[in-house]
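Next come the chains, spelled out residue by residue.
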Amino acid sequence: MTATLHLATGAASALFVQKYFPVKRNWIENAPKNFLFTADFINLNCVFVFFAGLLSHIFFDSFSHTEYSLQGQALMLLLCLEGFVTSLLVLFGQNSARFWLLVWGMIGAALPDALHFAGEYFNFEWFRIVHSLLHVYHGTIDLVLVGHFSEMVLVAVSIIYIRVQSA
Ligand SMILES: [Zn+2]
Ligand SMILES: [Zn+2]
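Once a new chain begins, its residue numbering starts again from 1 and follows that chain's sequence as written. Written order determines the labels here, with chains lettered from A and ligands numbered from 1. Predicted model: local features are reported for residues with pLDDT of at least 70 only, side-chain atom pairs are reported and counted for 80 or more only, and whole-chain, interface and lining totals are derived from all residues.

(A) Representation of the overall build of the chain in the model. What the chain contains, in helices and strands, is six helices and two strands. Note that contacts rest on C-beta atoms placed from the backbone: two residues are in contact if these are within 7 Å. At a minimum sequence separation of 6, the contacts of the chain that also span at least 24 residues come to 85%. Secondary structure is summarised from DSSP: a helix means a run of H or I of at least four residues, a strand means a run of E of at least two, and numbering begins at the N terminus for each.

Right, here's the structure in full:
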């Protein structure tokens, strides 16, 4: 599946699981002014949404889907572009608490495929092993073929959800 799909659904899953957060807090009132150096960057909820994002990757990847037809540098360029545009759509204007939750959801959702590329590029065997473990369910649900158009619909729904959902 596309990076856009995984990033957008990973970010959405970070907010989707918020009623199960291990630490409760009032996001809007407690949003600190200092953006980068705060407890929002890493905390228990961040770890929690990291795994939510990771699970969302495994979930969406399990449906049979269209793969990228590009390879090599062209694919890398496209992935960077997708990462940039999706991050902008998800993160622009968010307060710091929401920002970091969404970032950690996206990191979790990007990890399985990032391991794949890093494993190939750096020739790290254990990256490849973890990547293949995280992809054991890849394409196993054969109900429908999720094409790029359906992915874009899912992306739009995720972005709207992120934008209307308060956290
Ligand atoms: Zn795939
Ligand atoms: Zn994947």
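Having seen it, we continue.
(B) Region of interest: the environment of K24. Examined against the element boundaries, K24 turns out to sit in the loop between α1 (3-16) and α2 (44-61). A residue is classified by how many C-beta atoms lie within 10 Å of it, and K24, with 8 of them, is exposed. Put simply, K24 and N45 are 21 residues apart on the chain and 8.7 Å apart in space, counted from C-alpha to C-alpha. Burial in this document is a count-based property: other C-beta atoms within 10 Å of a residue's C-beta are tallied, and the residue is buried at 20 or more, exposed at 12 or fewer, or partly exposed in between, with C-beta positions derived from the backbone.

(C) Up close: the nonpolar core. Buried Ala, Val, Leu, Ile, Met, Phe, Trp, Tyr and Cys residues whose C-beta atoms connect them within 7 Å together make up a nonpolar core. In this structure, A11, A14, V49, L101, L102 and W104 are the most contacted members of the largest nonpolar core, which totals 28 residues. Elements with a minimum of two residues in this core: α1, α2, α4 (96-122) and α6 (148-164). Among the elements that line this core, the one with the most residues is α4, at 10 residues. Once residues within four sequence positions are removed from consideration, A14 is found in contact with V49, A52, G53, L101, L102, W104 and G105.

(D) Looking closely at the packing of α4 against helix α5 (residues 125-134). Across the interface, α4 lies against α5 with an axial gap of 8 Å and an inter-helix angle of 145 degrees. Two packed elements cross with a definite hand, and for α4 against α5 that hand is left-handed. Judged by residue contacts, P112, L115, H116, A118 and G119 of α4 engage F127, R128, V130, H131 and L134 from α5. In this classification, Asp, Glu, Lys and Arg are treated as charged, Ala, Val, Leu, Ile, Met, Phe, Trp, Tyr, Cys and Pro as nonpolar, and every other residue, Gly included, as polar. Here the residues of the contact of α4 with α5 sort into six nonpolar, three polar and one charged. Axis definition: a line fitted to C-alpha atoms, limited for helices to the stretch in contact. Angles are taken between N-to-C directions and run from 0 to 180 degrees. When the near helix sits turned anticlockwise from the far one by under a right angle, the crossing is termed left-handed; a clockwise turn instead gives a right-handed crossing.

(E) Inspection of α6 at higher detail. One less than the residue count of a helix, multiplied by 1.5 Å, gives the span that helix is expected to have. Given a rise of 1.5 Å per residue, 17 residues ought to cover 24 Å, and the 24 Å separating the end C-alpha atoms of α6 matches this to within 8%. Within α6 the residues assigned to the buried category are E151, V155, S158 and I162. Taken down its axis, α6 places every buried residue within 65 degrees of arc, on the same side. Away from the buried face of α6 by more than 90 degrees, exposed residues F149, V153, A156, I160, R163 and V164 are located. The inward-facing, buried residues of α6 contact α1, α3 (72-91), α4 and β2 (141-146). Here, the arc refers to the directions that run from the helix axis to the C-beta atoms.

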